[in-house]
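Working through the structure, step by step
Spelled out, the chains give:
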Amino acid sequence: MGTKGKMVVISGPSGAGKSTVCRRVLEDPEVEFSISATTRARRDGEVDGRDYYFLSADEFRQKVEAGAFIEHAHVHGNMYGTLRAPMDAALKAGRIYLLEIDVQGALQMKGIDIPGLYLFIAPPNFEELRKRLIGRNTETPEVLERRLQKAEDEYRERVRYDHVIVNDNLEDCIAEVRRLIGSGVEG
Ligand code: 5GP
């Protein structure tokens with residue numbers, strides 16, 4: 001691709017703490033977040049153009065057809081996709097570009113040889129993950145079951161990543177991710 005920056009993909013089952021890790025890593029101004037497009041409804045506190053670009057199904061489809069996405073996937077009944085143009089711009093500018101995407105999306109990118117660092121944040125074990133997801137208490141039993149099933153499927157794919165970081169201690173996990181991506185902020 002002839003770029004100067006670095007692309008970092010972070011995946012992991014929901015409940016493994018991946019969003020918290022990403023938020024902390026993004027404190028480094030050198031690191032830029034890839035704002036995905038999605039068809040899912042905006043949650044309270046989320047801002048269009050900061051957390052996601054919230055699109056209608058039609059708008060999303062048009063972008064797929066226009067080739068605007070590097071990858072896109074169906075996750076929990078909604079569409080999600082990574083936009084190509086901002087990523088190219090960030091990499092040209094020499095930045096660390098962080099994608100928080102699901103395993104399907106990450107493997108699509110690996111499949112077309114997009115160079116980057118592929119990191120998987122894993123829960124210490126499945127019992128712990130179950131507890132964390134139940135503890136959130138934001139899901140109906142069916143949605144929770146679906147999320148747990150997806151988490152297990154995703155967990156199996158961790159071997160295809162460059163590194164698996166077990167989140168049994170949040171601060172250690174963050175420090176390890178920072179070390180791996182070589183961002184300025186340590187510890
Ligand atoms: P949430 O709806 O909870 O924000 O995200 C649900 C899942 O979609 C998470 O696993 C998240 O990593 C994933 N996701 C977010 N953006 C993208 C994207 O652009 N592409 C893909 N493939 N997955 C995404």
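Structural notes, computed from the coordinates. All of these numbers come straight from a predicted model, not from anything done at the bench. (Residues numbered from 1 in each chain as written. Predicted model: local features only at pLDDT ≥ 70, side-chain atom pairs only at ≥ 80, totals over all residues. Heavy atoms only, no water.)

Secondary structure summary: the chain contains seven helices and nine strands in total. Rg of the C-alpha trace for the chain: 16 Å, near the compact-globule value of 16 Å for 187 residues, within the 12% margin. Projected onto its principal axes, the C-alpha positions of the chain cover 45 × 40 × 30 Å. Each of the 187 residues in the chain was classed as buried or not, and the buried ones make up 42%. The contacts of the chain with a sequence gap of at least 6 include a subset with a gap of at least 24, amounting to 67%. For the chain, the exposed area adds up to about 9700 Å²; of that, 48% sits on carbon and sulfur atoms. Charge centroids of the chain, computed over 27 positive and 31 negative side chains, lie 1 Å from each other. (Helix = DSSP H or I, 4+ residues; strand = E, 2+ residues; numbered from the N terminus. Rg over C-alpha atoms; globule rule 2.2 N^0.38 Å. Buried < 20%, exposed > 50% of the residue type's maximum accessible area, 1.4 Å probe, protein only. Contact = heavy atoms within 4.5 Å. Areas by Shrake-Rupley, 256 points an atom, 1.4 Å probe, with all protein chains shown as cover. Lys, Arg positive; Asp, Glu negative; His and termini not counted. Charge placed at Lys NZ, Arg CZ, Asp CG, Glu CD.)

Glancing now at the site of the ligand. Near the ligand there are 15 residues, and of these Ser 36, Arg 40, Tyr 52, Glu 71 and Tyr 80 occur at the shortest range. Within the side chain of Tyr 52, one N or O atom sits 2.5 Å away from an oxygen atom of the ligand. Between the ligand and Glu 100 there is a distance of 3.3 Å, counted from an oxygen atom to a backbone nitrogen or oxygen. Within the complex, the protein chains bury 91% of what would otherwise be the 520 Å² of accessible surface of the ligand. Mapped onto the shell around the ligand, the elements with two or more residues apiece are strand S5 (69-75) and strand S6 (78-83). Considered class by class, the residues forming the shell around the ligand number five nonpolar, four polar and six charged. (Near = heavy atom within 4 Å. Polar contact = N/O pair within 3.5 Å; in protein donor to acceptor, adjacent residues only side chain to side chain. Nonpolar A, V, L, I, M, F, W, Y, C, P; charged D, E, K, R; others polar.)

Here we come to the environment of Glu 157. Within the secondary structure, Glu 157 sits in the loop between helix H6 (141-156) and strand S9 (163-166). Residues Glu 157 and Gly 12, spaced 145 residues apart in sequence, show a C-alpha to C-alpha distance of 9.6 Å. Those residues in contact with Glu 157, other than ones at most four positions away along the chain, are Val 103 and Leu 107.

So, about the sheet that holds strand S1 (residues 6-11). If you trace the five strands from one edge of the open sheet to the other, you get S2-S7-S1-S8-S9, paired in parallel fashion. The open sheet terminates on both sides in strands that have one partner only, identified here as strand S2 (31-33) and S9. Strand after strand, the sheet turns through a mean of 25° between neighbouring axes, direction not considered. Pairing of S2 with strand S7 (residues 96-100) involves three bridges; the strand directions are parallel. For Phe 33, the partnering residue across the bridge sits in S7 and is Leu 98. Those strands touched by helix H1 (residues 18-25) are S1, S2, S7 and strand S8 (117-122), and its axis lies near 165° from that of S7. (Pairing = 2+ DSSP bridges. Axes fitted to C-alpha atoms, helices over the stretch in contact; angles between N-to-C directions.)

Okay, the packing of aromatic side chains next. The description of an aromatic ring pair uses the distance of the two centres, along with the angle that the planes make with each other. If you walk through the whole model with that rule in mind, you get four aromatic pairs. Seen from their ring centres, Phe 120 and Tyr 161 are 5.2 Å apart, and the 65° between their planes marks the pair as edge-to-face. Highlighted residues: Phe 120 in strand S8 and Tyr 161 in the loop between H6 and S9, separated in sequence by 41 residues. In this arrangement the basic side chain of Lys 110 is found over the ring face of Tyr 118, its NZ or CZ atom lying 5.1 Å from the centre. The ring centre of Tyr 155 lies 4.0 Å from the NZ or CZ of Arg 158, which sits over that ring. (Phe/Tyr/Trp six-rings, centres within 6.5 Å; stacked < 30°, edge-to-face > 60°. Lys NZ or Arg CZ within 6 Å of the ring centre and 35° of its normal.)

With that out of the way, let us pick up the pairing of S1. Buried residues dominate S1, accounting for five of its six residues. Looking at chain direction, S1 and S7 are connected through five bridges and run parallel. Paired with Ile 10 across the two strands is Glu 100, which belongs to S7. Strand direction decides the pairing type here: S1 and S8, joined by four bridges, are parallel. Bridge pairing links Val 9 to Tyr 118 in S8.

Pairing geometry for strand S3 (residues 36-38) and S6, over two bridges, is antiparallel. Directly across from Thr 38, in S6, lies its bridge partner Tyr 80. As defined by bridge partners, S5 adjoins S6 across six bridges and the pair is classed as antiparallel. In the sheet register, His 74 faces S6, and the bridge partner there is Met 79. Turn length for the S5-S6 hairpin, with the two strands adjacent in sequence and antiparallel, is two residues, and the turn residue His 76 shows positive phi of about 45°.

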